[in-house]
Amino acid sequence: MSTTTSPTTYAVHGPVAVVTLNNPPVNGLGHALRSGIVAALDQALADPQVQAIVLTGSARAFSGGADVREFGTPKAGQEPTLPNVIRALDAASKPVVAAIAGVCLGGGLELALGCHYRVAKPDASLGLPEVKLGLLPGAGGTQRLPRLIGLEAALNMVVSGQPVPAQAFAGTPLVHALIEGDLVEGAVAFAAQVAARGEPLPRARDLKVKQPNADAFLQFARNTVAAASKPFPAPLQCVEAVAASLKPFDEGLQTERTLFQALMQTPESRALRHVFQAERAAAKVPGLPEGTLLRPIARVGVIGAGTMGGGITMNFLNAGIPVVLLEMKQEALDRGLATIRKNYENSMKKGKLKPEQVEQRMGLITPTLEYAALKDADLVIEAVFEEMGVKEAVFRQLDAVAKPGAILASNTSYLDIDRIATFTQRPQDVIGLHFFSPANVMRLLEIVRGAQTAPDVLATSLALAKQIKKMAVVSGVCDGFIGNRMLARYGAAAQGLINAGALPQQIDGALQKFGLAMGPFRMGDLAGLDIGWATRKRKAAEAGTEMKPSVADKLCEAGRFGQKTGAGWYRYEAGNRNPIPDSVTEQLIADYRAANGITPRKISDEEIVERCLFALVNEGARILEEGIAARASDIDLVYLNGYGFPLHRGGPMLYADTVGLPQVVRSLRRFAAEPGADASWQPAPLLVRLAEAGQSFN
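A few points on the structure.

With that settled, consider the packing of helix α23 (residues 605-625) against helix α27 (residues 685-692). Geometrically, a packed helix pair is captured by the angle between its two axes and the distance between the axes. α27 packs onto α23 with a crossing angle of 95° between their chain directions and a minimal axis gap of 7 Å. Here α23 is positioned roughly perpendicular relative to α27, judged by the angle of their axes. Contacts between α23 and α27 involve Asn618, Ala621, Leu624 and Glu625 from the former and Pro685, Leu686, Leu687 and Arg689 from the latter. Considered class by class, the residues forming the contact of α23 with α27 number 5 nonpolar, 1 polar and 2 charged.

Here we take up the sheet that holds strand β14 (residues 365-368). Taken in spatial order, the 8 strands line up as β14-β13-β12-β15-β16-β17-β18-β19 in an open sheet, and their pairing is mixed. Each having just a single partner strand, β14 and β19 (471-475) make up the two edges of the open sheet. On average, adjacent strands in this sheet sit at an angle of 25° to one another, irrespective of strand direction. As paired strands, strand β12 (residues 300-303) and strand β13 (residues 323-326) are joined by 4 bridges and run parallel to one another. Opposite Gly301, over in β13, you have Val324 as the bridge partner.

The subject of this paragraph is the side chain of Thr368. Positionally, Thr368 belongs in strand β14. The class for Thr368 is buried, based on a relative accessible area of 9%. At 3.0 Å, the side chain of Thr368 forms a polar contact with the backbone nitrogen of Glu370. Residue contacts for Thr368: discarding those within four places in its chain leaves Val324, Leu325, Leu326, Glu327, Leu333 and Ala373.

On to the sheet that holds strand β5 (residues 61-63). Pairing within the open sheet is mixed, and its 4 strands lie in the order β5-β7-β9-β10. With one partner strand each, in any of the chains shown, β5 and β10 (164-165) form the two edges of the open sheet. Pairing geometry for strand β7 (residues 103-105) and strand β9 (residues 125-127), over 3 bridges, is parallel. Along β9, the bridge assignment pairs Cys104 with Leu126.

Over its 15 residues, helix α20 (residues 529-543) runs 22 Å from end to end, which matches the ideal 21 Å to within 8%, given 1.5 Å per residue. Those residues of α20 not exposed but buried are Leu529, Trp533, Thr535, Arg538 and Ala540. Contacts made by the buried residues of α20 are with α19 (520-527) and α21 (551-557). Directly beyond the C-terminal end of α20, a positive phi value near 70° is found at Gly544.

Before going further, it helps to examine the state of the cysteines. For the structure shown, the criterion picks out 0 disulfides. Cysteine Cys104 shares no disulfide, and the gap to the nearest cysteine sulfur, in Cys115, comes to 9.2 Å.

Attention shifts here to the environment of Leu133. Mapped onto the elements of the fold, Leu133 is located in the loop between β9 and α4 (141-149). In the structure, Leu133 is positioned 274 residues away from Ile407 in sequence and 37 Å away in space, judged by C-alpha atoms.

This paragraph deals with the nonpolar core. Of all hydrophobic cores here, the largest spans 74 residues; its most connected members are Ile482, Ile507, Trp569, Phe645, Leu687 and Phe697. Here this core takes 11 residues from α23, the largest share from any one element. Ignoring anything within four residues of it in the chain, the contact list for Ile507 reads Ala494, Leu497, Ile498, Ala502, Pro520, Phe521 and Ile608. If you look at the next biggest cluster of nonpolar residues, it comprises 68 residues, including Leu55, Leu89, Ala139 and Ala166.

Within strand β17 (residues 430-435), 6 of the 6 residues are buried, which leaves the element mostly enclosed by the surrounding structure. Where β17 and strand β18 (residues 444-448) come together, 4 bridges link them in antiparallel fashion. When the sheet's bridge partners are listed, Gly432 is paired in β18 with Val448.

Below, the discussion takes up the packing of aromatic side chains. One pass over the structure, following the stated rule, counts 8 aromatic pairs. When the centroid spacing of 6.2 Å and the interplanar angle of 45° are considered together, the rings of Trp533 and Phe561 count as tilted. Of the two residues, Trp533 sits in helix α20 while Phe561 sits in the loop between α21 and β20 (570-571), which places them 28 residues apart along the sequence. The class for Phe561 is partly exposed, based on a relative accessible area of 21%. Aromatic side chains Phe671 and Trp681 sit 5.1 Å apart centroid to centroid with 65° between the ring planes, which places their arrangement in the edge-to-face category. Within this pair, whereas Phe671 is found in helix α26 (residues 661-672), its partner Trp681 is found in the loop between α26 and α27, the two being separated by 10 residues in sequence. Taken individually, Phe671 and Trp681 each receive the classification buried, so the pair is uniform in this respect. Three or more aromatic residues joined by ring pairs form one cluster here, namely Phe436, Tyr639 and Tyr643. Seen from the ring of Phe671, Arg611 lies directly overhead, with NZ or CZ sitting 4.2 Å from the centre.

With respect to the helices and strands, the residue Ile498 is situated in helix α17 (residues 483-500). Under the relative-accessibility criterion, Ile498 is labelled buried at 0%. Between the alpha carbons of Ile498 and Ala32 there is a distance of 57 Å; along the sequence they are 466 residues apart. Ignoring anything within four residues of it in the chain, the contact list for Ile498 reads Leu503, Pro504, Ile507, Phe521, Val551, Ile589 and Arg593.

What counts, and at which threshold
- Residues numbered from 1 in each chain as written.
- Predicted model: local features only at pLDDT ≥ 70, side-chain atom pairs only at ≥ 80, totals over all residues.
- Heavy atoms only, no water.
- Axes fitted to C-alpha atoms, helices over the stretch in contact; angles between N-to-C directions.
- Helix = DSSP H or I, 4+ residues; strand = E, 2+ residues; numbered from the N terminus.
- Parallel < 35°, antiparallel > 145°, perpendicular 65-115°, else oblique.
- Contact = heavy atoms within 4.5 Å.
- Nonpolar A, V, L, I, M, F, W, Y, C, P; charged D, E, K, R; others polar.
- Pairing = 2+ DSSP bridges.
- Buried < 20%, exposed > 50% of the residue type's maximum accessible area, 1.4 Å probe, protein only.
- Polar contact = N/O pair within 3.5 Å; in protein donor to acceptor, adjacent residues only side chain to side chain.
- Expected span 1.5 Å × (residues − 1).
- Disulfide = S-S within 2.5 Å.
- Core = buried A, V, L, I, M, F, W, Y, C linked by side-chain atoms within 4.5 Å.
- Phe/Tyr/Trp six-rings, centres within 6.5 Å; stacked < 30°, edge-to-face > 60°.
- Lys NZ or Arg CZ within 6 Å of the ring centre and 35° of its normal.

That's the geometry; what it means functionally is another story.
Next comes the structure, spelled out in structure tokens:
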């Protein structure tokens with residue numbers, strides 16, 4: 001006999017009722033599922049034939065935890081809340097057995113902890129990952145888990161957020177039995193057995209936490225976690241919540257709830273939850289039909305074996321995809337191959353790769369000096385010099401040799417993909433795949449969708465990004481796409497501050513204190529100042545205007561291109577990447593100010609942060625309004641994954657929301673009203689509209 005109470009299935013097997021969670025894909029504990037569990041539990045408790053209850057999910061997931069889509073909505077707090085569902089299971093008068101397969105995470109594990117018994121497939125994954133969202137388990141996880149596996153083991157799981165296979169807990173009160181065969185069959189047999197024994201029901205809340213020298217251990221944990229978790233408050237609060245498990249159960253539960261609610265209000269948790277949802281949203285591309293058939297990618301061609309080309313190649317080798325690597329000269333090809341091998345050997349020395357893995361990956365490369373070798377590639381990515389004439393020569397050659405249906409991609413960081421597409425007879429097959437340096441390390445991939453890029457080319461590129469473990473963000477075509485277009489405004493704001501009275505070390509220091517991995521001048525020296533110089537000259541030539549020399553141009557004219565020449569904004573000692581403030585730069589700045597009639601003024605760190613970040617935000621708003629980015633959270637992902645923006649701030653657009661858009665607009669209007677101010681300081685129309693309507697980007 002079986003009936004369905006959506007989204008739970010209820011069936012009776014002899015003396016055992018089986019309640020199956022049925023909310024794909026991962027049985028998220030939304031309001032409907034929580035209600036279904038309580039209704040099924042009440043049905044089983046009211047049936048005199050039923051002596052025990054099994055609660056189970058799917059092969060993929062017992063439950064992945066709270067439904068994050070309900071965070072911050074009325075449904076999240078609607079009865080029955082998760083703590084009350086767990087309370088009902090815990091108080092049941094008949095044995096309740098959680099039968100666990102697949103993922104059992106967060107609220108899903110807390111649900112299982114509220115059952116009297118737990119049986120699991122050996123490879124089921126148990127964990128409390130709330131810390132990764134800036135939270136702590138809020139439904140008894142920090143109180144029940146230490147009672148079942150001990151204080152130290154529980155603390156490690158809660159603070160790290162890392163899942164652990166069920167078999168690691170065999171023989172502890174957390175996992176009463178491992179089931180090798182059919183999970184439900186095994187769980188029903190186990191439940192019938194415990195019901196027949198008629199023993200008092202074991203409840204996690206009734207156990208005492210075991211930990212010798214608990215106070216000393218907890219103090220050590222606090223010190224360690226505090227040092228490692230700045231600037232995030234959640235890990236340290238996780239320690240406090242687990243420490244409360246030494247108190248009487250209900251008192252500890254109250255502490256957990258208070259700490260959880262406080263963390264929910266922190267900007268850091270808001271940022272982490274924003275990023276979590278942004279990463280899922282980025283894969284949904286407007287105008288790209290779901291289920292678009294993908295082009296098979298079995299072989300990739302890469303043109304250019306320099307820093308970018310070599311890094312791009314490694315991504316595909318790591319995913320087991322063969323690469324044809326093309327260079328024009330044998331020495332350049334040999335140098336590129338040697339660098340790739342050296343990178344892999346360094347990983348091997350650190351224990352990340354085995355010697356045979358290094359050889360297997362190197363064995364996937366077919367080095368060549370001939371374009372004809374690319375004829376069988378399903379995707380070809382060029383990583384040649386950033387100049388339109390060079391790109392044109394490459395794409396005309398590619399058009400001649402690549403097979404029909406091959407995807408032709410450019411790794412350009414600025415140039416017009418639509419123009420590049422005109423160099424071929426197949427503009428529908430052309431796309432931008434902008435990797436970030438070092439390409440084998442950086443997680444971001446800007447996928448630039450041309451006006452004629454075919455939907456299956458875009459869908460294939462998104463799927464491939466996932467395969468090579470990149471965070472893909474789709475951009476429209478404009479100069480610099482999302483990231484570098486915004487960076488140009490950020491750089492101009494920083495340059496304006498130099499002109500007005502600040503020095504590179506003060507600007508970098510203020511932005512690094514804010515949380516950026518590197519300030520704009522250190523970043524410029526690392527990337528190479530000649531790249532920006534070439535871009536400024538190109539833009540002036542395209543516009544037919546004379547280039548107004550800046551301090552950055554003066555540095556380049558003096559041969560100071562950054563780290564690669566030993567001097568840029570800073571100077572560098574041989575073998576050391578640490579920037580050293582340089583009197584030569586300071587003199588160049590002083591000369592520039594004098595030549596332009598500028599009297600330097602004192603500039604605060606607050607003004608530095610405000611000008612640089614609001615310049616970023618303002619350009620982001622323009623990008624959004626033009627449809628270059630589909631959503632503000634996509635822009636945040638670009639800056640978090642490609643430009644060292646601090647994770648705890650959630651990205652520039654979320655930061656603007658946090659500050660308040662009216663405040664951003666007021667500051668921009670103040671900057672725009674200054675004598676001689678650049679027109680780009682005028683607030684973007686979208687920003688003004690949102691601020692006036694009391695709305696935000698996210």
